[in-house]
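Here's the letter readout for the chains.
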Amino acid sequence: MEDLKDYLKIGVITGTHGLLGEVKVLPFTDFLFQRFSCGKKLYLLHPRLQKPLLLTVEGYKKFKNKVILKFYNYNSIDEVLWFVKGKLVVPLSWELELKEGEFYYRQIIGCQVETLEGKNLGYIKDIIPYPANDIWVVEDGKKEWYLPYISDVVKKVDLSSKKIIIAYLEGLV
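Parameters and conventions
Residues numbered from 1 in each chain as written. Predicted model: local features only at pLDDT ≥ 70, side-chain atom pairs only at ≥ 80, totals over all residues. Heavy atoms only, no water. Salt bridge = Lys/Arg side-chain N within 4 Å of Asp/Glu carboxyl O. Helix = DSSP H or I, 4+ residues; strand = E, 2+ residues; numbered from the N terminus. Buried < 20%, exposed > 50% of the residue type's maximum accessible area, 1.4 Å probe, protein only. Pairing = 2+ DSSP bridges. Axes fitted to C-alpha atoms, helices over the stretch in contact; angles between N-to-C directions. Phe/Tyr/Trp six-rings, centres within 6.5 Å; stacked < 30°, edge-to-face > 60°.

(A) Looking closely at the pattern of salt bridges. Tallied over the entire structure, the rule returns 5 salt bridges. Among the ionic pairs, K61 bridges to E22, the shortest N-O distance being 3.6 Å. In this pair, K61 sits in strand β4 (residues 53-63) while E22 sits in strand β2 (residues 22-27), placing the two residues 39 residues apart along the sequence. Judged by relative accessible area, which is 41%, K61 ranks as partly exposed. The closest approach of N and O atoms between K70 and E58, which form a salt bridge, is 3.4 Å. Taken together, the residues K70 in strand β5 (residues 66-71) and E58 in strand β4 connect sequence positions 12 residues apart. Among the residues examined, K70 registers a relative accessible area of 11% and is labelled buried. Looking at E58, the relative accessible area reads 33%, which means it is partly exposed.

(B) Summary view of the sheet that holds strand β8 (residues 120-128). Strand order across the open sheet formed by 6 strands is β10-β9-β8-β7-β12-β11, with mixed pairing between neighbours. What marks the edges here is a single partner per strand, and that holds for β10 (144-148) and β11 (154-158). Each strand of the sheet is rotated relative to its neighbour by a mean of 35°, with strand direction disregarded.

(C) Structural detail: the packing of aromatic side chains. Within this structure, the stated rule accounts for 9 aromatic pairs. When the centroid spacing of 6.3 Å and the interplanar angle of 55° are considered together, the rings of Y7 and Y43 count as tilted. Within this pair, whereas Y7 is found in strand β1 (residues 7-17), its partner Y43 is found in strand β3 (residues 41-45), the two being separated by 36 residues in sequence. An angle of 15° between the planes, with centres 4.6 Å apart, marks the rings of W136 and Y149 as stacked. Remark: Y149 occurs in the loop between β10 and β11 and W136 occurs in strand β9 (residues 135-139); sequence separation between them is 13 residues. According to the relative accessible area criterion, Y149 is partly exposed, its value standing at 30%. In textbook terms, an aromatic cluster arises when at least three aromatic residues are bridged by ring pairs, as seen for F71, Y74, W82 and F83.

(D) Representation of the sheet that holds β4 in the model. Around the barrel, 6 strands lie side by side as β1-β2-β5-β4-β3-β6; this closed barrel has antiparallel pairing. Neighbouring strand axes in the sheet, compared pairwise and without regard to direction, differ in orientation by 50° on average. The sheet contact formed by β2 and β5 spans 4 bridges and is antiparallel. By the bridge assignment for β5, V25 is matched with V67.

So, in structure tokens, the structure goes:
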């Protein structure tokens, strides 16, 4: 299986849906339509594969916090059952053009978190996507704590210096 560093991870297949070859995907992208709409190409990375499998989306719909996808030429549950736990990725060269204030998760992970006063609080270790807002997992060397990605808390994201400036709220850490 190829190395993930060459790709953007945009989702993981968590299960099948129905009997006609649909799969449930937990998305790791805010750009659902741009990544999963009909005709879009994705690669499947899976331990059973020696190289990525190119898939073309035939059907797409949102379902709770997941996405239901149907791929061309896969028409039964038996054909897609082994996809479960596979990662859906696109090559880095397929990055979308982002608007001001938008960024990829991979750009945020590893950034230092500082208060408006300059106190270092740790670094972003992971991102947990939620419908209302993402939660950024911060590691401070002793413990992990959660930082809600909301405008009342996150005041500045400076990707060039890899710093996140926050307004510290009582009880946050």
